[in-house]
Every structure is written in structure tokens, then in C-alpha cells.
Amino acid sequence: MAELHVIGQIVGASGFPQNSLFCKWGVHVGRIWQLLSGLKKGQTQVDVPQIGDMAFWGHPIDLHYATKGIQGWPMLHLQVWHQDSFGRCQLFGYGYCHVPSSPGHHRVRCVTWRPLGSWQEQLAQMFVGGGAQLRSPELVYSGADRYRLHTKAMGTVELELGIIMRHFDKFGIES
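What you see is a predicted model, and the numbers here were worked out from it, not measured in a lab. (Residues numbered from 1 in each chain as written. Predicted model: local features only at pLDDT ≥ 70, side-chain atom pairs only at ≥ 80, totals over all residues. Heavy atoms only, no water.)

1. Considering the overall build of the protein
Now for step 1: When helices and strands are tallied, the protein shows 1 helix and 9 strands.
Now for step 2: Secondary structure of the protein in N-to-C order comes out as β-β-β-β-β-β-β-β-α-β.
Now for step 3: When burial is assessed residue by residue, the protein has 43% of its 175 residues classed as buried. (Helix = DSSP H or I, 4+ residues; strand = E, 2+ residues; numbered from the N terminus. Buried < 20%, exposed > 50% of the residue type's maximum accessible area, 1.4 Å probe, protein only.)

2. Topic: the pattern of salt bridges
Now for step 1: Under the definition given, this model contains 5 salt bridges.
Now for step 2: With its nearest N and O atoms 3.4 Å apart, the salt bridge here joins glutamate 3 to arginine 166. With a gap of 163 residues between them, glutamate 3 in strand E1 (residues 2–14) and arginine 166 in strand E9 (residues 151–166) connect regions that are remote in the sequence.
Now for step 3: Of the residues examined, arginine 166 reaches a relative accessible area of 44% and is grouped as partly exposed.
Now for step 4: For glutamate 160, the salt bridge goes to arginine 107, with nearest N and O atoms at 2.2 Å. Here arginine 107 lies in strand E8 (residues 104–115) and glutamate 160 lies in strand E9, a separation of 53 residues in the sequence. (Salt bridge = Lys/Arg side-chain N within 4 Å of Asp/Glu carboxyl O.)

3. Remarks on the environment of valine 27
Now for step 1: Looking at the secondary structure, you find valine 27 in strand E2 (residues 21–28).
Now for step 2: Along the backbone, valine 27 and proline 74 are 47 residues apart, and their C-alpha atoms lie at a distance of 6.5 Å.

4. Side note on the packing of aromatic side chains
Now for step 1: Evaluated as defined, the whole model comprises 6 aromatic pairs.
Now for step 2: Ring plane angle 15° and centroid distance 6.4 Å describe the contact between phenylalanine 16 and phenylalanine 92, whose orientation is recorded as stacked. Here the residue phenylalanine 16 occupies a position in the loop between E1 and E2, and phenylalanine 92 occupies one in strand E7 (residues 89–98), the gap between them amounting to 76 residues. Take phenylalanine 16 and phenylalanine 92: they sit in the same class, and that class is buried.
Now for step 3: Taken together, a centroid distance of 6.4 Å and an interplanar angle of 15° make the contact between phenylalanine 22 and tryptophan 81 stacked. Of the two residues, phenylalanine 22 sits in strand E2 while tryptophan 81 sits in strand E6 (residues 75–83), which places them 59 residues apart along the sequence. (Phe/Tyr/Trp six-rings, centres within 6.5 Å; stacked < 30°, edge-to-face > 60°.)

5. Observations regarding the pairing of E2
Successive side chains on a regular strand alternate, one facing one side of the sheet and the next facing the other.
Now for step 1: Counting buried positions over the 8 residues of E2 gives 6, a clear majority of the element.
Now for step 2: The pairing of E2 with E6 spans 8 bridges and is classified as antiparallel. What sits directly across from leucine 21, in E6, is histidine 82.
Now for step 3: Of the pairings in the sheet, the one linking E2 to strand E4 (residues 41–43) comprises 3 bridges and is antiparallel in character. For glycine 26, the partnering residue across the bridge sits in E4 and is lysine 41. (Pairing = 2+ DSSP bridges.)

Dropping the structure here:
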């Protein structure tokens, strides 16, 4: 079987309307991919930057997959959350990006967005907080339903990923 190692980190995020951010992340793969070691999902700590608007997490990612083909190549899906001074958490953005398909060191910038909701929900969000969330987070990385949503662009999450590929040449894939 071919093997894919993803070793890196979620560096941080910037461009969000407030600081005090954390990130929930996960990996989505096709059915022919088998996780040999590592965690499929996780969460960073909350970072409250003292200078600037960049939240730094330095959260490690270490995944080892085995596969018989490239269908269902791994994707990272992200949720960026804001924690206020009372400990309440509010979703600030969804995002996803494909794991790079070439070996080496990669800097990946993942743009995020959030659903707008109805005008009543937007008005309530201004005064009370909270906001619209997806009923099914799988919409972030799947199908055409995502394109029917009304969304607002949010900030960017930066990742550094090292990719190691092994035995892909046996399946006709040059690396």
C-alpha cells in the first residue's frame, strides 16, 4: 500500500474581527484511506494576542495514512471560534483545504467564512452574540449544497505541512 505522512502544525490565524481565538480541526478522507497513526481531529488552545491581530497556536499535526489510490485525498476542515471574557464561545468561521499532493514543505493558507443567517439572526447577533451555524458541518467540504449558502468572508488560518509520500510509484503516481 502507498503511504502518506503529514507532519506539521496549525500556525495561527489572522484577519478575524476579534482576538481570543481557538481552532477545532479534523481530517476527512475517502473510504480507501486507512489511518495508521495520529489523531483525526483536535483542538488548539485559546490565544489572546497582546500585539497585533495574529493568534498563534503552533498546534501539531502528525498523520500517517495508507491507501491503494488517490481517490478521497485528505482534506483538513477547520472551525475558528472566539472565546469572550465570560468563557462563552462563538463560531467565527469554517474553512477547508486539501493536503498538498507533492512531497516537501508547504505553507498553506486556508480562508474561512461563516453563514450569515436571516436578517433577524444577524440583528440578534449584533446585540446578543452567537450567530448562525451549520446543522451539518460536513457541508464545509462536501457537495454543491455549500454553494447555496449566504456567507461572509472571515479571516485566514495558516498551516505549515511537511508531506512524505512512499510507494505511490507502485500505483502509477509520480511523486
